[in-house]
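Below, each chain spelled out in residue letters.
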Amino acid sequence: MLLSGKGKHRRPSKATRIATLAGVTGAAIAAPLMASGTASAATASEWDAVAQCESGGNWSINTGNGYYGGLQFSASTWAAYGGTAYAQTAAQASKAQQIEIAEKVLDGQGKGAWPHCGVGLSDAAYNGAAPAAPKAAEPKAKAPAPKRAEVPTTRSERPAAPVKKGDGEYTVKAGDTLSKIAEAEKAKGGWQKLFELNKDIVEDANVIHPGQKLHLS
């Protein structure tokens, strides 16, 4: 929603008002302002933020409320700071032209020209370039997924110490798992049944050893 009545930049500075009373036009007033020193400046992203706050980021907005463009210049302020050199109102000027005039307003009146929306303005130089994209954050390392206890995944391995061999009809080979054996031998009850049948020699469903003889039924 457009926020109206927020900017002191909508009225000229004291010097501008004096010049106006003397009968000098807005365009003529702009000349000494442009020639005076180095203006305060803000970054492109900061002006975008002001425009987003003032006008929803619409740089050509004209709602008929007396304020124009992305930064909501009044016609008198636009003229006083030299904007009519580009267009009759800010709504008819380009974004870059509006920012150029805004820099002069910022230099003459400070952040108070946009008392609500200009709080984030800095003195960093504006060069017309788009702000650099922020560096992408390093991807976080994924935590190791917990082992699914219901499906044995550890292959058979040669033990460091002697293990119980058993006297079943199937001899475990390197690379076997209970689930693999159950599938290959079509054992009823799956790996869970094999584990139950061979608890006397298999202590961990995920660890079996080559040479062990397992009961299949």
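Just so it is clear, the model here is predicted, and its values are computed rather than measured.

**Here we look at the overall build of the chain**
Here is step 1: Looking only at helices and strands, one finds 7 helices and 4 strands in the chain.
Here is step 2: The order of helices and strands in the chain, counted from the N terminus, is α-α-α-β-β-α-α-β-α-α-β.
Here is step 3: Within the chain, buried positions represent 35% of all 217 residues.
Here is step 4: Approximately 12,600 Å² of the chain is accessible, and the part contributed by carbon and sulfur atoms is 56%.

**Structural notes on the state of the cysteines**
Here is step 1: Overall, the coordinates contain 1 disulfide when judged by the stated rule.
Here is step 2: Cys-53 shares a disulfide with Cys-117; S-S distance 2.0 Å. For the disulfide bridge between Cys-53 and Cys-117, the dihedral angle about the S-S bond is near -65°, and by the sign convention the bridge is left-handed. One end of the pair, Cys-53, is in helix α3 (residues 44–55); the other, Cys-117, is in the loop between α5 (95–109) and β3 (170–171), and 64 residues separate them in sequence.
Here is step 3: Residue class for Cys-53 comes out partly exposed when judged on its relative accessible area of 23%.
Here is step 4: Exposure remark for Cys-117: the relative accessible area of 8% places this residue in the buried category.

**Points about the confidence of the model for the chain**
Here is step 1: The share of residues in the chain with pLDDT of 70 or more is 64%, and the mean pLDDT across the chain is 73.
Here is step 2: Across residues 124–134, confidence stays below pLDDT 50; counting only partners more than four residues off in sequence or on other chains, it has 14 contacts.

**Focus on the nonpolar core**
Here is step 1: With 24 residues, the main nonpolar core has Trp-47, Val-50, Leu-71, Phe-73, Trp-114 and Leu-121 as its most contacted residues.
Here is step 2: Within the residue set of this core, elements represented by two or more residues are α3, α4 (75–80) and α5.
Here is step 3: Per-element accounting of this core gives the leading share, 5 residues, to α5.
Here is step 4: Core analysis: the next-biggest nonpolar cluster, separate from the first, contains 14 residues, Tyr-170, Val-172, Ala-205 and Leu-214 among them.

**Considerations on the pattern of salt bridges**
Think of it this way: side chains of opposite charge can pair up when their charged atoms draw near.
Here is step 1: In total, this model carries 3 salt bridges according to the counting rule given.
Here is step 2: Salt-bridge contacts for Asp-48 lead to Lys-95; the nearest nitrogen and oxygen are separated by 2.8 Å. With a gap of 47 residues between them, Asp-48 in helix α3 and Lys-95 in helix α5 connect regions that are remote in the sequence.
Here is step 3: Note on Lys-95: relative accessible area 34%, which makes it partly exposed.
Here is step 4: Salt-bridge contacts for Lys-104 lead to Glu-100; the nearest nitrogen and oxygen are separated by 3.5 Å. Of this pair, Lys-104 and Glu-100 both sit in helix α5, 4 residues apart, which is roughly one turn of the helix.
Here is step 5: What makes Lys-104 buried here is its relative accessible area of 14%.
Here is step 6: By relative accessible area, which is 32% here, Glu-100 ends up partly exposed.

Calculation rules
- Residues numbered from 1 in each chain as written.
- Predicted model: local features only at pLDDT ≥ 70, side-chain atom pairs only at ≥ 80, totals over all residues.
- Heavy atoms only, no water.
- Helix = DSSP H or I, 4+ residues; strand = E, 2+ residues; numbered from the N terminus.
- Buried < 20%, exposed > 50% of the residue type's maximum accessible area, 1.4 Å probe, protein only.
- Areas by Shrake-Rupley, 256 points an atom, 1.4 Å probe, with all protein chains shown as cover.
- Disulfide = S-S within 2.5 Å.
- pLDDT = per-residue confidence, 0-100.
- Contact = heavy atoms within 4.5 Å.
- Core = buried A, V, L, I, M, F, W, Y, C linked by side-chain atoms within 4.5 Å.
- Salt bridge = Lys/Arg side-chain N within 4 Å of Asp/Glu carboxyl O.

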